[in-house]
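One-letter residues, chain by chain:
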Amino acid sequence: MTPYRLSRPLGAALLAGSLLCAPPLFAQPAILEGERFHPEQGSRGMVATSHFLASQVAREVLAAGGNAVDAAVTAGFALAVTQPRSGNIGGGGFMLISDEDSDEVIAIDYRETAPAAATETMFQDEDGNAVSEWSRYTHRAAGVPGTVAGLSLALEKYGTLSLAEALAPAIRLAENGFAVPQRFVDGVSEAGERLTQWDSTRAMFFKEDGSPYEVGDTFRQPDLAATLRRIADQGPREFYEGETAELIAAEMERHDGLITLEDLAGYQPVIREPSHGNYRGYDVYAMSPPSSGGAHIVQMLNILEAYDIGQMGFGSANTMHVMAEAMKRAYADRSQYLGDTDFVEVPLAGITSEGYADELREQIAMDRATPSEAIAPGKPLPFESNETTHFSIADDDGLAVSNTYTINFSYGSGIAVDGAGFLLNNEMDDFSAKPGVPNAYGLIGGEANKIEPGKRMLSSMTPTIVKRDGKNFLITGSPGGSRIITTTLQVLMNVVDHDMNIQSAVSAPRIHHQWLPDELRIEAGFSPDTQALLEGKGHTLSQESAMGAAQSIVIEDGHFFGGADPRRSTSSAMGL
Ligand code: DON
């Protein structure tokens, strides 16, 4: 990848914020008259994030001549300020970068790691019972954060902006504040108790008199601004070895947490090869372990490719049935085999092989659901020799970025680092606290995902880039815990099989099955007749409110289409 350099005057303008008011650039729209949903359009690039302020600053970077990685890193830091329930510097995630010129797709793994003092049974009481309160709401719930190192690595290797330039909009938003939208007010109110439990968190999310912010109030984060400024001035190692690291370690010491200065100093992001498969002629790249997402998206697509899904139709009982059957089998395998490949062997080649998909497909009957209890993790071929938020960004120089990062729950552990102004993740809950005991998303993990010092906990985050004829075509991914993989699968199938434009593909109602519990979750929008047909096949249906938030992009013939997910009221796609 050979990034072009952003001219210094433009970099300086970004730092000063003077481009934030640049007039919109005219883009000749493609004609989509007659469609029910209309994507955002652009001829020079597209950003789609879950917060309009992050989309705005990322778009400004593209407009100023920055590339998709510059815009992505800028958006990542801006989301840490504007959407602190999931945007973060206290968590971790995964970024896929596709460069058409070099035909490379790389994955940056900046997932959190277990501290050195972590043990396999640290979340079990003396009788061996898993205690979810400990893995979710204590200082021990936090893994060593990876976001600052991961975003900085992406920028250094593939971007053109300096870290200070990419941080400038976030610092400005934290210092000057921004008017809070309804979603912010609702989020704080829903998480109420958790955000008032710790003084540091209360001071961050409530006014000095203790009252909550109302819509339109200005929300300022001076401690976070100072932290971001230190990182801008001293570089990413400041977070891991400087004053910020000391603030984190002191927070841990005060409250019996495990993360030490040594853990922080030892944190490193890793560049990995993404999982890869082929679906109806499209090249599908998605996150490899320690995420389970890529392996299982490829596995499910392999199973589903043999059905004429387009002809069977979107939302038909038969389509939903075969999708649910593929989902069950993939999630059963996930429970057994998936974990951090730096610690355990994962039979990835087997799971993603077409032969194994054929075997699994043979077990699927069209007229009846296989009960989950009759499905055990399969036997993929031998081990090879061995509130989260997603955003998608593409530029007109052949670079595309798909990024999902998280602090796990909305507001993570609910614990803000005193004096540093950011929330700590509770990602340790994504390990299996005990084999067979489900995590917060009902996901069961096995030995492969047991806690070990320095290990990355298994994730479902699935940043995905689909290429057609060597060109970036679809950039997607989602939050949603266990539903991330199935949400991403459906956006992809809606585009490829059902020929939907990206806004329709993102808006369409979704389903989800994760093997256990044995229920097919469905969003509103599927007809009662269809539901009755599914029940007739033996599926147990359960109605679920909005699943996922897949901010996505499609690029066709050099034209950019953005689909902001309506399931988040602050979602925004902006083209240029
Ligand atoms: O890594 C994972 O799979 C989870 N920690 C993601 C959590 C999540 O998506 C919550 N948001 N909706």
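Residues numbered from 1 in each chain as written. Predicted model: local features only at pLDDT ≥ 70, side-chain atom pairs only at ≥ 80, totals over all residues. Heavy atoms only, no water.

**Q** Could you clarify how one ought to interpret the overall build of the protein chain in this entry?
**A** Secondary structure assignment for the protein chain yields 20 helices and 19 strands. By the compact-globule yardstick of 25 Å for 576 residues, the protein chain fits well, its C-alpha radius of gyration being 22 Å. In terms of its C-alpha atoms, the protein chain occupies a principal-axis envelope of roughly 65 × 60 × 50 Å. Across the 576 residues that make up the protein chain, the buried fraction comes to 65%. With 41 positive and 77 negative side-chain charges, the protein chain shows a separation of 1 Å between the mean positions of the two kinds. (Helix = DSSP H or I, 4+ residues; strand = E, 2+ residues; numbered from the N terminus. Rg over C-alpha atoms; globule rule 2.2 N^0.38 Å. Buried < 20%, exposed > 50% of the residue type's maximum accessible area, 1.4 Å probe, protein only. Lys, Arg positive; Asp, Glu negative; His and termini not counted. Charge placed at Lys NZ, Arg CZ, Asp CG, Glu CD.)

**Q** What exactly am I supposed to notice about the domain arrangement of the protein chain here?
**A** It is common to give the size of an interface as the accessible area lost on bringing the parts into contact. Taken domain by domain, the protein chain holds domain 1 (40-271 + 390-427) and domain 2 (275-388 + 460-575). Domain 1 and domain 2 are separated by 27 Å when their C-alpha centres are compared. The interface of domain 1 with domain 2 comprises 51 residues on the first partner and 40 residues on the second. Here domain 1 meets domain 2 over a buried area of about 3,700 Å², counting both sides, of which 60% is carbon and sulfur. (Domains from an automatic or database assignment. Contact = heavy atoms within 4.5 Å. Buried area = accessible area lost by both parts, 1.4 Å probe.)

**Q** Please clarify how the nonpolar core should be interpreted in this entry.
**A** Generally speaking, a soluble globular protein has its nonpolar side chains buried in company with each other. Counting residues in hydrophobic clusters, the biggest one holds 82 residues, and the most contacted among them are Ile89, Met95, Ile97, Phe205 and Ile393. Residue contributions to this core peak at 11 residues, all from helix H3 (residues 68-82). Core analysis: the second largest hydrophobic core is formed by 54 residues, Tyr307, Met327, Tyr356 and Leu443 among them. (Core = buried A, V, L, I, M, F, W, Y, C linked by side-chain atoms within 4.5 Å.)

**Q** I'm lost on the side chain of serine 98 in this one. Help?
**A** Position of serine 98 relative to the elements: it lies in strand S3 (residues 92-99). At 2.5 Å, the side chain of serine 98 forms a polar contact with the side chain of asparagine 472. (Polar contact = N/O pair within 3.5 Å; in protein donor to acceptor, adjacent residues only side chain to side chain.)

**Q** Got a minute to help me understand the site of the ligand in this structure?
**A** Around the ligand, the structure places 14 residues, and the nearest of them are Thr388, Glu427, Asp430, Ser459 and Ser460. The contact in question runs from an oxygen atom of the ligand to an N or O atom on the side chain of serine 459, over 2.7 Å. Backbone polar atom of glycine 481 to an oxygen atom of the ligand: 2.7 Å apart, as the coordinates give it. When the ligand sits alone it has 340 Å² of accessible area, and the protein chains cover 95% of it. Of the residues contributing to the shell around the ligand, the split by class is 4 nonpolar, 6 polar and 4 charged. Both of domain 1 (40-271 + 390-427) and domain 2 (275-388 + 460-575) provide at least three residues apiece to the shell around the ligand. (Near = heavy atom within 4 Å. Areas by Shrake-Rupley, 256 points an atom, 1.4 Å probe, with all protein chains shown as cover. Nonpolar A, V, L, I, M, F, W, Y, C, P; charged D, E, K, R; others polar.)

**Q** Which parts of the structure should I look at to understand the sheet that holds strand S15 (residues 520-522)?
**A** Hydrogen bonding along the main chain pairs the strands of a sheet, whether they run parallel or antiparallel. Pairing in this open sheet of 3 strands is mixed, and the strands run S14-S15-S16 from one edge to the other. In this open sheet, the two strands that pair with only one neighbour each are strand S14 (511-512) and strand S16 (541-543). Packing of helix H20 (residues 528-536) onto the sheet brings it into contact with S15 and S16, and relative to S16 it is tilted by some 145 degrees. (Pairing = 2+ DSSP bridges. Axes fitted to C-alpha atoms, helices over the stretch in contact; angles between N-to-C directions.)

**Q** Explain the side chain of aspartate 333 to me, please; I cannot follow it from the model alone.
**A** Within the secondary structure layout, aspartate 333 lies in helix H15 (residues 317-337). Of the side chains with opposite charge, arginine 329 lies nearest to the buried aspartate 333, which makes no salt bridge, at 8.9 Å. Within polar-contact distance, the side chain of aspartate 333 engages the side chain of glutamine 299 at 3.0 Å. Not counting residues within four places of it along the chain, the set of residues in contact with aspartate 333 comprises His296, Gln299, Leu338, Tyr356, Leu360, Pro377 and Gly378. (Salt bridge = Lys/Arg side-chain N within 4 Å of Asp/Glu carboxyl O.)

**Q** Can you walk me through the packing of aromatic side chains in this structure?
**A** Ring pairs (aromatic) are described by centroid distance and by the angle formed between their planes. Within the structure shown, the criterion is met by 14 aromatic pairs. Arranged with centres 5.5 Å apart and planes meeting at 90 degrees, the rings of phenylalanine 205 and tyrosine 411 form a pair that is edge-to-face. Assigned by exposure class, phenylalanine 205 and tyrosine 411 land together as buried. Taken together, a centroid distance of 5.1 Å and an interplanar angle of 85 degrees make the contact between tyrosine 213 and phenylalanine 219 edge-to-face. Residues tyrosine 213 and phenylalanine 219 agree in their burial class; the two are buried. (Phe/Tyr/Trp six-rings, centres within 6.5 Å; stacked < 30°, edge-to-face > 60°.)

**Q** Help me out: how do you make sense of helix H9 (residues 222-234) in this one?
**A** Note: α-helices contain 3.6 residues per turn, so residues at a spacing of three or four share the same orientation. The first and last C-alpha atoms of H9 sit 18 Å apart over 13 residues, in line with the 18 Å expected at 1.5 Å per residue. If you check which residues of H9 are buried, you get Leu224, Ala225, Thr227, Leu228, Arg230, Ile231 and Ala232. Its buried side turned inward, H9 meets H3, helix H5 (147-158), helix H6 (163-176), helix H10 (237-241) and helix H11 (243-254). Count one or two residues on from H9 and you reach glycine 235, which has phi positive near 95 degrees. (Expected span 1.5 Å × (residues − 1).)

**Q** Is there a simple way to think about the environment of leucine 79 in this case?
**A** Residue placement: leucine 79 occurs in helix H3. Remark: the alpha-carbon pair of leucine 79 and histidine 51, spanning 28 residues in sequence, is separated by 7.1 Å. When sequence neighbours within four positions are dropped, the list of residues in contact with leucine 79 reads Ser50, His51, Ala54, Pro84, Gly87, Thr389, Phe391 and Tyr405.

**Q** Sorry, what's going on with the pairing of strand S18 (residues 559-563) here?
**A** It is a general feature of regular strands that their side chains alternate between the two faces of the sheet. Most of S18 sits inside the fold, with 5 of its 5 residues counted as buried. Neither face of S18 is exposed, since His559, Phe561 and Gly563 on one face and Phe560 and Gly562 on the opposite face are all buried. Sheet topology note: the strand S1 (residues 40-42)/S18 ladder contains 3 bridges and is antiparallel. When the bridges of S18 are listed, glutamate 40 appears paired with glycine 562.

**Q** Quick question: what am I supposed to make of the pattern of salt bridges here?
**A** Two side chains of opposite charge can pair, provided their charged atoms sit close to one another. Inspection of the entire model under this criterion finds 34 salt bridges. Across the pair arginine 140 and aspartate 256 runs a salt bridge whose closest N-O atoms are separated by 3.3 Å. You can see arginine 140 sitting in the loop between helix H4 (132-137) and H5 and its partner aspartate 256 sitting in the loop between H11 and helix H12 (261-266), a full 116 residues away along the chain. Take aspartate 256: its relative accessible area is 52%, and that puts it in the exposed class. Via salt bridges that share partners, Arg85, Arg183, Glu387 and Arg568 belong to a single interconnected network.

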